[in-house]
Amino acid sequence: MSDDTTRAPGETPPGPDGLPLVGNQLAYVRDPYDFMTRTAREYGDIAHWEDPGGPVYQLNHPEYIERVLVQNNQNYVKGEQFQRTLGPVTGNGILNSEGEVWRRNRHRIQPAFHPDRIRNYAEMMTDETEALLGDWADGETRPVHEDMMSVTLRIVARALFGVDIDEHVDTIGSALEEFMVATESLSNVVLPPGVPTPSRRRIRRARERLDRVVTEMIAKRREDPGEDDVISMLLSATGDDGTAMSDDQIRDEVTTLLLAGHETTALSLTLTMYALSQHPEVERQLVAELDSVLDGRTPTMADLSELTYTERVVKESMRLYPPVPGIVREPVKPDVIGGYEIPTGATVRMHQWVVHRDPRWYDDPLAFDPDRWTDGFEESLPKLAYFPFAAGPRRCIGDRFALLEARLLLATVYQRYHLELVPGTDLDLMATVTARPKHEIPMTVHRREATDQ
Ligand code: HEM
């Protein structure tokens, strides 16, 4: 980390120059992973550049990131860039909201993620996975990312809202696809929010389709309230003054949980499956653990403490391929980081992708090596050198849910199948809000014989 001695007033950290008018936006949009990694490696722990939207500061040291997300978190909001990208999709749900609205609604939703509640979701998670595997035929080629998206969507809808959404999986999936493709569009980044670009029109139409599905889910729950599903909880919640939540706010919270709660976990699974297909020795070790612990049984909550290698595989995959590759914040008052003043309204970027691949914290950082997560390794890292779920008060609300789901799904799938990547498939990732593959990841699924097991 650069030393924190005070800099001259107005001095900015080093960084890429960029082009007139568009700054570094073109370079970023063309290859975000390359741009953010090069910036970190060339300019150090804090880099700066000017973009049309204002100054940008990229933080590449865990201590600087900890300051923004944890120690001085009250001085930061998600900011204009975040709202511009996700506002049209998730509205004012807890991913986007700030201040009192955020605090109240996070508090209302939190009980659904209590460890005791999450424990109860385990059996449903493996049931849904087995239902998916029931559609797989030995030797067939499957669109693995699509499969993971649909199973994680079913799981989050059943767990949090107590509904089966079979008939809506396609509508939700295609709306999400529209959102993600549109957020990558250069015109959306460069043109002011009011300009009706074709991709903004597509986002609006996708949002309308999604709203219809979510409104229908809410209406069903209003007619037939459940005991502890999130929609019923929100419908019965009242503020200090006794007023109920507005329909629009409930819809935004439900949409947020549906989207944030399935695509990230689906990505962690798809990217783990990709990594395993490239590392047969890791897959062998994983399968050996599954065979010895489970002996052919479907995994349960009680097995997880023994599935230590499975857990390391998931951890390592989220290190090398963090499903959320970077996050942004904006200071509401000037802050000082690394001796430099960060002005109000600047965009502060922190990239899991960059920090998780920093050779200062990880030996041979590009290797997929679950064995690096020996007991004590995580504790030996600087606190924010591993932050797939972010940190501080805005840390992911679904982290435990996601880790449970990822381990159970992986165990259930690899116990039964060996997955072989179709030759010639490249892993080409978008870097918008999530690290979503630009193209499907097709894999041929081979049923493991009883004798292999
Ligand atoms: C591997 C899976 C997941 C990853 C990597 C992940 C990652 C993240 C990250 C990095 C954030 C912080 C975003 C920011 O600060 O801008 C976040 C927030 C959030 N996540 Fe997750 N997430 C995952 C799964 C889930 C699940 C399963 C749910 C719900 C069922 C969920 C719901 C949310 C919500 C609602 C927020 C906003 C929390 C707040 O601001 O109070 N996520 N997630």
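A brief structural summary.

Rules and cut-offs
- Residues numbered from 1 in each chain as written.
- Predicted model: local features only at pLDDT ≥ 70, side-chain atom pairs only at ≥ 80, totals over all residues.
- Heavy atoms only, no water.
- Buried < 20%, exposed > 50% of the residue type's maximum accessible area, 1.4 Å probe, protein only.
- Helix = DSSP H or I, 4+ residues; strand = E, 2+ residues; numbered from the N terminus.
- Pairing = 2+ DSSP bridges.
- Donors = N, O, S within 2.8 Å, 3.2 Å for Na, K, Ca; no water.
- Near = heavy atom within 4 Å.
- Polar contact = N/O pair within 3.5 Å; in protein donor to acceptor, adjacent residues only side chain to side chain.
- Nonpolar A, V, L, I, M, F, W, Y, C, P; charged D, E, K, R; others polar.

Right, let's talk about the pairing of strand E1 (residues 46-51) for a bit. Burial of E1 is extensive: five of the six residues sit out of reach of the surface. As defined by bridge partners, E1 adjoins strand E2 (residues 54-59) across six bridges and the pair is classed as antiparallel. Looking at the pairing, Trp49 lines up with Val56 of E2. Counting the residues between successive antiparallel strands, the hairpin from E1 to E2 contains two residues.

Glancing now at unusual backbone geometry. Even without glycine at this site, Asp295 takes up a positive phi of about 50°. As for its placement among the helices and strands, Asp295 is situated in the loop between helix H15 (280-294) and helix H16 (308-320). Judged by its relative accessible area of 68%, Asp295 falls in the exposed class. With a phi angle near 65°, Ala390 is a residue other than glycine that sits in the positive phi range. Mapped onto the elements of the fold, Ala390 is located in the loop between helix H18 (377-380) and helix H19 (399-416).

Now for the coordination of the iron atom of the ligand. Of all protein atoms, Cys396 (SG) alone acts as a donor to the iron atom of the ligand, lying 2.3 Å away. If you trace the backbone, Cys396 turns up in the loop between H18 and H19.

We now examine the site of the ligand. Taken together, 30 residues form the shell around the ligand, and within it Trp102, Arg106, Arg329, Arg394 and Cys396 come nearest. Side-chain polar atom of Lys78 to an oxygen atom of the ligand: 3.3 Å apart, as the coordinates give it. Within the side chain of Arg329, a nitrogen or oxygen atom sits 2.7 Å from an oxygen atom of the ligand. For the shell around the ligand, the element with the most residues is helix H14 (residues 263-278), which contributes three residues. Of the residues in the shell around the ligand, the class split is 20 nonpolar, six polar and four charged.

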